Amino acid sequence: MRLPFRGSVSRDRLEQLLIAPPEDFETCNTLARKLQNHLTQKREHMLQLSPLELLDMLSRTPEREEREIHRLLKMFLAMFLIYREGKAIYKGKAHTVEQLAAARPSKIWRRSSGDTALICRYFLEEEARRGETPHLAFLRGSLAYKMNHLGDAFDAFDRGRLMFKAGARAYHHYRGAYSIRPLPEFRKAVEQGQDPVRDFTMEEGGTFPNERPIIVIGLDQLYYERYAARWVERAEGRVNLHFHVANPDPARLHRAPCIRYSFETCPTGNAAYYATMRFLQLHHLLEHYQRPVIVSDADAYLEGDPTVLLDETHSYDIAVTETGPLRNHLPWRHLNAQVFMARPTAETEAFLAAFRRLFAHLEADGGAQWWVDQALLSTSKILLQEQNHDLRMRCGRLWASSGLRQSKLE
């Protein structure tokens, strides 16, 4: 089934969709991604309805007639509140769903005339009838995370994960909850867990014969064949490239003075693992090169001069991209894995060791899921800060100074 709209999302168009709601997962997932992307990519003009209008549409459907699309739209409504009215909520004294539901409209925010209170009451009334729902757990987790009540936040997202595990649908932007556990469980995994042994082979060839920046890209052979040529074309004379390739085909690798390789065999890998393995193997590369490196997504490309980023971060152990206020209420969207700088220091190794142990813990409890890399970047930061670790970590917008841009190739 095709969605009845391609551009903006209006009340009328959603009403049309609810007349004959889709049942297949892919159509619902497409709608979930479309709605969420309009918010996170600052395209609110494409959402031609208010949270209160969406609530009105949903509340007119009896629970016994509720379909998957209604549950999807309730999750989006919870996120809609966070995105649209976050600043007003967090500046006030109402920090929980219960407090927001009890607040007078003038104490919440003027523009929405009390939408927040009405929506929170609706969610709480629903909870009283049927128990906590994934969308209410996400709303509670988002509020707690933004208020830096991290234990409460991780507990709430973990409850959402367990609901997904029990059968509730987890759409694209919300699947990061699969990589969340209560903080005491994560803390124990770092303190008592073992550093996992993973297959790793460094190809002979030594270090690079110059001081140009080193960019590390982790990918499997399929992605290598799609993106490596673009990297190599732009790298000569400007940067050095280190490709870490899973399940490589040696006969199909590019060769040039500016390229080095490492490999691993991973017969059970998936897309989430391939996106994460650059962080799992990064300690080997830092030990080998004894220089700072920039770690990049495979689908990025070189446009400018990465030395700008290295110069800006010369006093830091790690630098990571921090997202803006439209994403930073979810642990798996708060820190972005697209551009990451690391120096070979003991503090960096402590961070990466925490990351590796957290990943091993999740791997033993269901395997890698999408967003796991970003979820664990945030969690590792939280746990090291708890320990008062002397990690010098810069969190900010790194794209401009990295000289990198992102563009997918088919």
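The coordinates are above.
Criteria and thresholds
- Residues numbered from 1 in each chain as written.
- Predicted model: local features only at pLDDT ≥ 70, side-chain atom pairs only at ≥ 80, totals over all residues.
- Heavy atoms only, no water.
- Helix = DSSP H or I, 4+ residues; strand = E, 2+ residues; numbered from the N terminus.
- Buried < 20%, exposed > 50% of the residue type's maximum accessible area, 1.4 Å probe, protein only.
- Contact = heavy atoms within 4.5 Å.
- Areas by Shrake-Rupley, 256 points an atom, 1.4 Å probe, with all protein chains shown as cover.
- Polar contact = N/O pair within 3.5 Å; in protein donor to acceptor, adjacent residues only side chain to side chain.
- Axes fitted to C-alpha atoms, helices over the stretch in contact; angles between N-to-C directions.
- Parallel < 35°, antiparallel > 145°, perpendicular 65-115°, else oblique.
- Left-handed = near helix turned anticlockwise from the far one by under 90°.
- Nonpolar A, V, L, I, M, F, W, Y, C, P; charged D, E, K, R; others polar.
- Salt bridge = Lys/Arg side-chain N within 4 Å of Asp/Glu carboxyl O.
- Expected span 1.5 Å × (residues − 1).
- Phe/Tyr/Trp six-rings, centres within 6.5 Å; stacked < 30°, edge-to-face > 60°.
- Pairing = 2+ DSSP bridges.
- Core = buried A, V, L, I, M, F, W, Y, C linked by side-chain atoms within 4.5 Å.

Caption draft 1: Inspection of the overall build of the chain at higher detail. Within the chain one finds 17 helices and twelve strands. Burial statistics for the chain: of 410 residues in total, 57% are counted as buried. Contacts in the chain between residues far apart in sequence, at least 24 positions, make up 74% of those at least 6 positions apart. By element, 48% of the accessible surface of the chain is carried by carbon and sulfur atoms, the whole surface being about 17,900 Å².

Caption draft 2: Examining the side chain of Asp-297 more closely. Checked against the element boundaries, Asp-297 lands in the loop between β7 (293–296) and β8 (300–302). Engagement of the side chain of Asp-297 in a polar contact is seen with the side chain of Gln-406, the distance being 3.1 Å. Discounting chain neighbours no more than four positions away, the residues touching Asp-297 are Ile-217, Trp-231, Arg-278, Ala-337, Gln-338 and Gln-406.

Caption draft 3: Representation of the side chain of Asp-158. Within the secondary structure, Asp-158 sits in helix α8 (residues 150–165). Beyond its immediate stretch of four places on either side in the chain, Asp-158 contacts Ile-180, Arg-181 and Pro-182.

Caption draft 4: The arrangement of the packing of helix α7 (residues 134–146) against α8 in detail. It is at 7 Å that the axes of α7 and α8 come closest, and there the two elements cross at 160°. Classified by the angle between their axes, α7 and α8 sit roughly antiparallel to one another. Helix-helix and strand crossings are classified by hand; for α7 and α8 the assignment is left-handed. For the pair α7 and α8, the contacting residues are Pro-134, Ala-137, Phe-138, Arg-140, Gly-141, Ser-142, Ala-144 and Tyr-145 in the first and Leu-150, Asp-152, Ala-153, Phe-154, Ala-156, Phe-157, Arg-159, Gly-160, Met-163 and Phe-164 in the second. Class assignment for the residues of the contact of α7 with α8 results in twelve nonpolar, three polar and three charged.

Caption draft 5: Structural detail: the pattern of salt bridges. Counted according to the given criterion, the structure contains 28 salt bridges. Measuring nitrogen to oxygen at the nearest pair gives 3.5 Å for the salt bridge that ties Arg-60 to Asp-56. A residue is classified by how much of its surface remains accessible, and Asp-56, at 31% relative accessible area, is partly exposed. Note that Glu-66 is salt-bridged to Lys-74, the shortest N-O span being 2.5 Å. Across this residue pair, the class does not change: Glu-66 and Lys-74 are buried. Within this structure, Glu-66, Glu-68, Arg-71, Lys-74, Glu-126 and Arg-130 form a network of salt bridges that share partners.

Caption draft 6: Layout of α7. With 13 residues, α7 extends 18 Å from end C-alpha to end C-alpha; this agrees with the ideal 18 Å at 1.5 Å per step. Buried residues of α7: Pro-134, His-135, Leu-136, Ala-137, Phe-138, Leu-139, Arg-140, Gly-141, Ser-142, Leu-143, Ala-144 and Tyr-145, and no others. Looking one or two residues beyond α7, the residue adopting positive phi is Asn-148, at roughly 65°.

Caption draft 7: Just the packing of aromatic side chains, in detail. For the coordinates displayed, the defined rule picks out 20 aromatic pairs. With a centroid separation of 6.2 Å and an interplanar angle of 70°, the aromatic rings of Tyr-273 and Tyr-274 are classed as edge-to-face. Overall, the relative accessible area of 5% leaves Tyr-273 in the buried class. The buried category is assigned to Tyr-274, whose relative accessible area is 14%. Pairwise contacts between aromatic rings join Phe-138, Phe-157, Phe-164, Tyr-174, Tyr-178 and Trp-332 into one cluster.

Caption draft 8: Quick peek at the sheet that holds strand β9 (residues 318–322). Spatial ordering of the open sheet is given by β3-β6-β5-β4-β7-β10-β9-β11, a layout of eight strands whose pairing is mixed. Strands at the two margins of the open sheet, each flanked by one partner only, are β3 (201–202) and β11 (393–396). Of the pairings in the sheet, the one linking β3 to strand β6 (residues 259–264) comprises two bridges and is antiparallel in character. Residue pairing for β6: Thr-201 is matched across the bridge by Phe-263. Lying over the sheet, helix α11 (residues 271–280) contacts β4 (214–220), β5 (240–246), β6, β7 and β10 (335–342), oriented at roughly 145° with respect to β4.

Caption draft 9: A look at the nonpolar core. One finds Leu-54, Phe-138 and Phe-340 to be the most contacted residues of the largest nonpolar core, which totals 98 residues. Among the elements that line this core, the one with the most residues is helix α4 (residues 68–91), at twelve residues. Apart from residues lying up to four places away in sequence, Phe-138 is in contact with Met-75, Met-79, Phe-157, Gly-160, Phe-164, Tyr-174, Ala-177, Leu-330 and Trp-332.

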